[in-house]
Structures are given as structure tokens and as C-alpha cells.
Amino acid sequence: MSQYKVLIVGQGLAGSILAIQLSRRKIPFLLLDKPGYTVSSGVAAGMMNPIVFRYLTLGWRSVNLFNQAIGFYRDFEAESTRNLLHQVDVARILGEGERIQWEKKSQLPGFGNWIDLNFSGKDLMPPVEAPHGFGLLRNLAWLDVEGFLHTVREKLYHDNSLIEGFFSHDKLRCTVSGFEYEQQQFDQLVFCEGHRAIDNPWFKELPFRPVKGELLRLFIPKLRTGFVLSKDVFLLPIGDGMFKLGATFDWNDLSNEPTMPGKRYLLDKLQTFYKGEVKVVDHQAGIRPAMADRRPVAGEHPVIKGMYIFNGLGAKGVMLAPAIGSFLADKLAGISTEDDEISPSRFDHDLRL
Ligand SMILES: Cc1cc2nc3c(=O)[nH]c(=O)nc-3n(C[C@H](O)[C@H](O)[C@H](O)COP(=O)(O)OP(=O)(O)OC[C@H]3O[C@@H](n4cnc5c(N)ncnc54)[C@H](O)[C@@H]3O)c2cc1C
């Protein structure tokens, strides 16, 4: 008999958070990860925002997901004595006519807590170009994702729950009692493979729509702001004159390589509101695992019992993963049923072909 009940493949945000949720429920698991095989979490800016800027609407289940995420990361900080979660406000640089839309929205129930239209931006040093003013989104947060992943990794090593290595799908045997991988038995198996799920023989028919993203780390010596500045791109202050500038969206090039056009796009967008001196310190790229219907996917394979997927976190993995990881851990413990909105069974037809 194996000492582990669950095998998790992949230690991005999905695998890490599921691992923590299983630990909290005292369910023994082994996590197998090949670092760098695909990268998304490792380059994420870490922003959590329940509002969809483009339409100024609350996203799918977003307030609940946001609150659960804050609670999860706060608890994790307390357990690990690391400071990883930071409260932040986002100053949106408004376009022509946008203020009217923001004013209307701020009157609606549920929005008043988030939107503030009294921010003048006069304290930004040096001034940022905003001829139509700012709309402020208050009380958002960002997570130091790199620090979070590193802390989880240390904990899993310490608990003997992590092995570094590549999971080879053709070495897996489905048995009557579960799964066998390299002489180890598991009752359940969860694939948290990020965008590499497109190669997974049991789930590859799902309608994945991965999106490449690029991000710059900048040193901006003269800009003083405690706010995230946002207009087409976001500029997130991370301390000591350092900023993250992101992000691009590309559905065609799915390499992990940063590109010159990506860098130029980000710097050109920054120039529309900030023209001061900027030094590029680092340039990173990753592939966001996303689904065609823009919902995450978490649940059991409709045919192969005990086999699960946790994927499709898109551009909002930091906010989505804690609640979904909690749901999935309960499901593995047998105390929750499938959630139809995120179940892989919503694509039943694709998986049974
Ligand atoms: C530039 C950029 C900026 C972003 N900014 C934000 C942001 O501000 N806020 C936000 O919420 N989200 C952001 N995201 C999105 C966020 O990164 C994703 O939602 C999330 O990280 C996806 O996590 P994941 O665990 O599903 O996938 P991944 O992070 O890709 O993790 C998958 C893991 O599985 C491993 N793996 C895969 N196959 C195998 C195998 N066969 N064997 C062993 N290991 C395997 C991979 O190596 C990797 O470690 C951003 C993404 C990008 C690219």
C-alpha cells in the first residue's frame, strides 16, 4: 500500500494551492514537478482584482473568490511567517467619456466599496499624464507569487511530499484500485500541468486556449507612487523604485521566449502616461493556461474515476486558485460534489470522443 493517497502533477499556483489545501485536511499526497517545463505562475505579477476593467463589471463569482483568496494567503502567511500579500489601490487613467461610466457604476450596489472618483493624482511625483483624470479601485491586493511558490516548495520538501522530475503520461497504469506510477500506488491523481495539459492524453480534447504573456521589471528612479497605475497596461510598484509592467496577450506564439515586439508594446503603452527615465531590469514571458469559455476547469474525468484536472486559471490564477483548490480538496476527500460550472464534464462531448 502506498503512503500517499493523491498524486499531483505540477507545482504552479494550481498544484501548490491544492497541496496546501490537502495538507490542511491531512490527506497524504505526493507532488511531482519539473520546474520550468512550462512557466506561468513563475512570472505572474500577482494582481488580484474582482473588477473587469474593460466592461467595469464584477467578474464571475469574483467578490467571493477575492475574499476567499485573501483569507487563504493571510492564513498561509501566518503559518509560514512570510510577508507575501500586499494591499494596493489601482489608479485607472481614464479615457475620454469614461468618467461618466465610472460615476454610474459607483452608484450601483456592490460597487461603492471598490470605486473612488475623488483621487486627483496630484501627489504622483513626477505627474502622470491623465487629462481625463483617474478612477481609483480601492482595497485590491497583489501576491508575491515567486515568494509564495518558493515557500510552498520548501514546505513540501521538508514534508517529503515533493519530487522534482518529469511526469511521463505513458508510464501511468490505471488499475482497479486507482493508479500506479513508477511502482507507487495512488487512489487519485490530479493534473495541474498548466498549458502543457494540451499534451495530456486523457484531457487534451478539452477546448484549451492558452495565452502567452510578457512582463517587464523596471527601475524607475523618479516615479513615486504607492498605487498601481493602469491604462492598457499596469505598472505595479514593488518597492525600492522597482516596478512590474505588464502584460501582453498573444494567442499565436506559445513559446516561453520574451520577444522584442512584446517589450516594445509594453514600453510604448507606458509612454502614453509616463515619459520619465526607465531602466529595463528583466523581461519575462509565460503561457497562461486558459479555456475557450474563459472559466477554470476543476473536477473529475467523466469516464476515468479518480482522475482529476485543475487548470484554465487564465489571467486570474492568484484570485481563483484558493477557492477552487479548496473545493477540489473537499472533492478528493469525498465531501463535495462536482461543480457544474467548472467541471470538465461541461465539455463531456469532447472527452468521450
Ligand atoms: C506575464 C504574466 C502575468 C500574469 N499576471 C497575473 C496576475 O497579475 N494575476 C493573476 O492572477 N494571474 C496572472 N497571470 C496568470 C497566472 O500566472 C496563471 O493563472 C497561473 O499561474 C496558472 O497556474 P498553473 O499552476 O495552472 O500553471 P503553471 O504556472 O504553468 O504551472 C504548471 C506546472 O506544472 C509543471 N508541469 C507541467 N507538465 C508537467 C509534467 N509532465 N511533469 C512535471 N511537471 C509538469 C510545470 O513545469 C509547472 O511547474 C499572469 C501570467 C503571465 C504569463
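Residues numbered from 1 in each chain as written. Predicted model: local features only at pLDDT ≥ 70, side-chain atom pairs only at ≥ 80, totals over all residues. Heavy atoms only, no water.

1. Side note on the site of the ligand
Okay, step 1: As a matter of local geometry, the ligand sits amid 36 residues, with Asp33, Lys34, Ser41, Phe167 and Gly314 nearest to it.
Okay, step 2: Within the backbone of Tyr37, an N or O atom sits 3.3 Å from an oxygen atom of the ligand.
Okay, step 3: Backbone polar atom of Cys192 to an oxygen atom of the ligand: 3.4 Å apart, as the coordinates give it.
Okay, step 4: Taken by itself the ligand offers 1000 Å² of open surface, and the protein chains cover 97% of this.
Okay, step 5: Breaking the shell around the ligand down by element, the ones donating at least two residues are helix 1 (13-24), strand 14 (211-219), strand 18 (279-288) and helix 6 (317-332).
Okay, step 6: Take the shell around the ligand: its biggest share by element is three residues, from strand 14.
Okay, step 7: Considered class by class, the residues forming the shell around the ligand number 15 nonpolar, 14 polar and seven charged.
Okay, step 8: When residues of the shell around the ligand are assigned to domains, at least three map to each of domain 1 (6-43 + 146-208 + 292-352) and domain 3 (211-288). (Near = heavy atom within 4 Å. Polar contact = N/O pair within 3.5 Å; in protein donor to acceptor, adjacent residues only side chain to side chain. Areas by Shrake-Rupley, 256 points an atom, 1.4 Å probe, with all protein chains shown as cover. Helix = DSSP H or I, 4+ residues; strand = E, 2+ residues; numbered from the N terminus. Nonpolar A, V, L, I, M, F, W, Y, C, P; charged D, E, K, R; others polar. Domains from an automatic or database assignment.)

2. As for the sheet that holds strand 1 (residues 6-9)
The pairing of strands in a sheet happens through backbone hydrogen bonds and is either parallel or antiparallel.
Okay, step 1: Within the open sheet, the six strands sit side by side as 9-2-1-13-20-19. Their pairing is mixed. In this open sheet, the two strands that pair with only one neighbour each are strand 9 (162-164) and strand 19 (297-300). Across the sheet, the axes of successive neighbouring strands diverge by a mean angle of 15 degrees, strand direction being ignored.
Okay, step 2: Where helix 4 (residues 145-158) meets the sheet, it contacts strand 2 (29-33) and strand 9, and its direction lies at approximately 105 degrees from that of strand 9. (Pairing = 2+ DSSP bridges. Axes fitted to C-alpha atoms, helices over the stretch in contact; angles between N-to-C directions. Contact = heavy atoms within 4.5 Å.)

3. Considering the sheet that holds strand 12 (residues 184-186)
Okay, step 1: Ordered in space as 10-11-12, the three strands form an open sheet in which the pairing is antiparallel. Of all strands in the sheet, those with a lone pairing partner are strand 10 (173-175) and strand 12, marking the two edges. When strand polarity is set aside, the average angle formed by the axes of neighbouring strands in this sheet is 30 degrees.
Okay, step 2: Across three bridges, strand 10 lies against strand 11 (residues 178-181) in antiparallel orientation. Looking across to strand 11, one finds that Thr175 is bridged to Gly178.

4. Examining the nonpolar core
Okay, step 1: In this structure, Leu18, Tyr73, Phe148 and Phe310 are the most contacted members of the largest nonpolar core, which totals 66 residues.
Okay, step 2: When residues of this core are assigned to their parent elements, the largest contribution, ten residues, is made by helix 6.
Okay, step 3: Excluding its chain neighbours within four sequence positions, the residues that come into contact with Phe310 are Ala14, Leu18, Val190, Phe191, Cys192, Val297, Ala298, Ala321, Ile324, Gly325 and Leu328.
Okay, step 4: Core analysis: the second largest hydrophobic core is formed by 22 residues, Phe179, Ala197, Met291 and Ile309 among them. (Core = buried A, V, L, I, M, F, W, Y, C linked by side-chain atoms within 4.5 Å. Buried < 20%, exposed > 50% of the residue type's maximum accessible area, 1.4 Å probe, protein only.)

5. Observations concerning the domain arrangement of the chain
Okay, step 1: The domain architecture assigned to the chain consists of domain 1 (6-43 + 146-208 + 292-352), domain 2 (66-142) and domain 3 (211-288).
Okay, step 2: Each partner contributes to the interface: domain 2 provides 16 residues, whereas domain 3 provides 18 residues.
Okay, step 3: Here domain 2 is connected to domain 3 by one salt bridge.
Okay, step 4: In this structure, the salt-bridge partner of Lys275 is Glu129, at a minimum N-O distance of 3.4 Å.
Okay, step 5: Here domain 2 and domain 3 share seven residue pairs in polar contact (both at pLDDT 80 or more) between them.
Okay, step 6: Top element by residues in the side of domain 2 that touches domain 3 is strand 6 (residues 85-93). It accounts for six residues.
Okay, step 7: The residue inventory of the side of domain 2 that touches domain 3, partitioned by class, reads twelve nonpolar, no polar and four charged. (Salt bridge = Lys/Arg side-chain N within 4 Å of Asp/Glu carboxyl O.)

6. Quick look at the pattern of salt bridges
Where charged atoms from two side chains of opposite charge approach closely, those side chains can pair.
Okay, step 1: Taken as a whole and judged by the stated rule, the model has 21 salt bridges.
Okay, step 2: Close ionic contact of Arg24 with Glu79 constitutes a salt bridge, the shortest N to O distance being 3.2 Å. Taken together, the positions of Arg24 in helix 1 and Glu79 in helix 2 (residues 62-80) put the pair 55 residues apart, joining distant regions of the chain.
Okay, step 3: Look at Glu79 and you get partly exposed, because its relative accessible area is 49%.
Okay, step 4: The salt bridge partner of Asp253 is Lys212, with a shortest N-O separation of 2.8 Å. Within this pair, whereas Asp253 is found in the loop between strand 17 (242-246) and helix 5 (260-271), its partner Lys212 is found in strand 14, the two being separated by 41 residues in sequence.
Okay, step 5: Under the relative-accessibility criterion, Asp253 is labelled partly exposed at 25%.
Okay, step 6: One connected set of salt bridges, linked through shared partners, spans Arg61, Arg295, Asp339 and Glu341.

7. So, the packing of helix 1 against helix 4
Okay, step 1: Packing of helix 1 against helix 4 brings their axes to within 10 Å, and their N-to-C directions diverge by 45 degrees. One way to sum up the angle between helix 1 and helix 4 is to call them oblique. The interaxial crossing formed by helix 1 with helix 4 has left-handed handedness. From helix 1, Leu13, Ser16, Ile17, Ala19, Ile20 and Ser23 reach across to helix 4, where they touch Val145, Phe148, Leu149, Val152, Lys155 and Leu156. (Parallel < 35°, antiparallel > 145°, perpendicular 65-115°, else oblique. Left-handed = near helix turned anticlockwise from the far one by under 90°.)

8. A look at unusual backbone geometry
Okay, step 1: That bond from Gly246 to Ala247 is cis: its omega, -15 degrees, falls within 30 degrees of zero.
Okay, step 2: Along the polypeptide, Ala247 turns up in the loop between strand 17 and helix 5.
Okay, step 3: Non-glycine residue Glu182 carries a positive phi angle of around 45 degrees.
Okay, step 4: With respect to the secondary-structure elements, Glu182 resides in the loop between strand 11 and strand 12.
Okay, step 5: Its relative accessible area of 46% is what places Glu182 among the partly exposed residues.

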